[in-house]
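So you can see what is in the structure, the chains are spelled out below.
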Amino acid sequence: MNDLRGAFHTGQYRNVLKENGYSEEAIEARVQHTWDALFEGDEETRIYYPAGDDMGYFMDTGNLDVRTEGMSYGMMMAVQMDRKDVFDRIWRWTHKYMFMTEGDNAGYFAWSCKTDGTKNSNGPAPDGEEFFALALLFASHRWGDGAEPLNYGHQARELLRVIIHKGEDGIGQPMWNPDNKLIKFIPNCEYSDPSYHLPHFYELFALWSYPEDRAFWKEAAQASRDYLKIACHPVTGLAPEYAHYDGTPNNDRGFGHFFSDSYRVAANVGLDYEWFRGDEWEIEEANKLQSFFADKTPEDYRRYTIAGEPFEEKSLHPVGLLATNAMASLAATGPNAKANVELFWNTPVRTGGRRYYDNCLYMFTMLALSGKFRIWMPTDK
Ligand SMILES: O[C@@H]1[C@@H](O)[C@H](O[C@@H]2CO[C@@H](O[C@@H]3CO[C@@H](O)[C@H](O)[C@H]3O)[C@H](O)[C@H]2O)OC[C@H]1O
């Protein structure tokens, strides 16, 4: 058992794919094949593009931009796959083009840029910052720190400080509400996005952030686990894209239903259970989600109310959805856990214009179900 100061962590990672009967050789090959498709493949599958001598970016191929979401995901994938070269390229691009040094959002990263580095927005999206922070901490633990901007540990701790303390000097807003400890959809709003809640990340921030920030992160982990219980529907398990702090869907801008953002809740619940046995509720939640989708096929996935009523509109990212449903099998104990893993295994990475979001979720699921989405400790260097 690793010392995670009170947080349960086995130090063991299930290979759910192996448990489902696939050979270690086949699993290794699929993990590598997935990496190759996203990072080195042809235009049909790749989402990573090297830029210049020492930089690179993930492109949202559906929106033709570079998002903090994708950049932070790419860094997390690279550190898990021990690809410091790719990690450093993505982080250099992020640091050079996305970081904001002035205005209300100074200290945050612009959530969307053009591929030439021009900012499309001067606002951040907190899901990027939280993934950057943990990817940087893992990089520090796995490879050691270098010269700025590759001083990963320092970069992570500074970011973890800014995202909760911003606004204390009267300029800007924090990404977490300081009272209820819930992550906001964007800093200058007072509602949340259930898919942004990563209690398993906050447990680790509570260990490795600046000492004065650790108590906050520990409380945030509990607050997020409690919040997910009220944001996910009690029967279907479906979460809306955006939700109020009391857990009810926020449909002010049409994001109060189960659609693209929401898919990540299944993956997050699965990984929190795998890393920390976060909450026994996560087993129920995973079972409910898998049960809701048991009689549905990817070709017919829709937008749904969280009570499960379908809209006409088809899912924009069916491969991403089936992948996250499979990742929920890290927590699921129900009769659908195996079928979800099989469906994932039998589905290739997505090709074509909308592939970015699907294939990000696909790669995370491939890592998680093969026991390769792991916690990198300071002692792992
Ligand atoms: O209004 C923006 C808001 O859109 C932004 O959110 C980011 C973009 O949306 C989220 O992911 C998308 C899910 O749908 C797929 O089709 C897209 O490809 C994904 O990028 C993402 O999690 C958010 O970071 O945040 C800033 C707000 O100002």
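Residues numbered from 1 in each chain as written. Predicted model: local features only at pLDDT ≥ 70, side-chain atom pairs only at ≥ 80, totals over all residues. Heavy atoms only, no water.

- By the naming in an unreviewed UniProt entry, the chain is Glycosyl hydrolase family 8, taken from Cohnella yongneupensis.
- Quoted straight from UniProt, the Sequence similarities (unreviewed entry) entry for the chain says "Belongs to the glycosyl hydrolase 8 (cellulase D) family." (UniProt positions renumbered as here; feature names shortened; annotations may be inferred.)

**Here's the deal with the site of the ligand**
Part 1 of the argument: Close to the ligand lie 18 residues, the nearest being D60, R67, E69, D127 and H317.
Part 2 of the argument: A distance of 2.7 Å separates an oxygen atom of the ligand from a polar atom in the side chain of D60.
Part 3 of the argument: Taking H317, its side chain carries an N or O atom lying 2.7 Å from an oxygen atom of the ligand.
Part 4 of the argument: When the ligand sits alone it has 570 Å² of accessible area, and the protein chains cover 84% of it.
Part 5 of the argument: The site holding the ligand turns out to be the largest pocket. (Near = heavy atom within 4 Å. Polar contact = N/O pair within 3.5 Å; in protein donor to acceptor, adjacent residues only side chain to side chain. Areas by Shrake-Rupley, 256 points an atom, 1.4 Å probe, with all protein chains shown as cover. 1 Å grid on protein atoms, 1.4 Å probe; cavity = no way out; pocket = protein on both sides within 12 Å on 5 of 7 lines; lining within 4 Å. Sits in = over half its atoms within 2 Å of the grid points.)

**Quick notes on the side chain of N151**
Part 1 of the argument: Note that N151 resides in the loop between α5 (126-143) and α6 (152-165).
Part 2 of the argument: The residues contacting N151, other than those within four sequence positions of it, are D145 and G146. (Helix = DSSP H or I, 4+ residues; strand = E, 2+ residues; numbered from the N terminus. Contact = heavy atoms within 4.5 Å.)

**Points about the state of the cysteines**
Part 1 of the argument: All told, the structure shown has 0 disulfides when counted by the stated rule.
Part 2 of the argument: Distance from the sulfur of C113, which forms no disulfide, to the nearest cysteine sulfur (C360) is 16 Å.
Part 3 of the argument: In this structure C113 comes out as buried when scored by relative accessible area, which is 0%.
Part 4 of the argument: In this structure C232 is not part of a disulfide, and its nearest cysteine sulfur, from C189, lies 18 Å away. (Disulfide = S-S within 2.5 Å. Buried < 20%, exposed > 50% of the residue type's maximum accessible area, 1.4 Å probe, protein only.)

**Quick look at the pairing of strand β6 (residues 310-314)**
Part 1 of the argument: Relative to β6, strand β5 (residues 302-304) is paired through 2 bridges, and the arrangement is antiparallel. Residue pairing for β6: R302 is matched across the bridge by K314.
Part 2 of the argument: If you look at the hairpin formed by β5 and β6, you'll find 5 residues sitting between the two strands, and G308 has a positive phi there, around 105°. (Pairing = 2+ DSSP bridges.)

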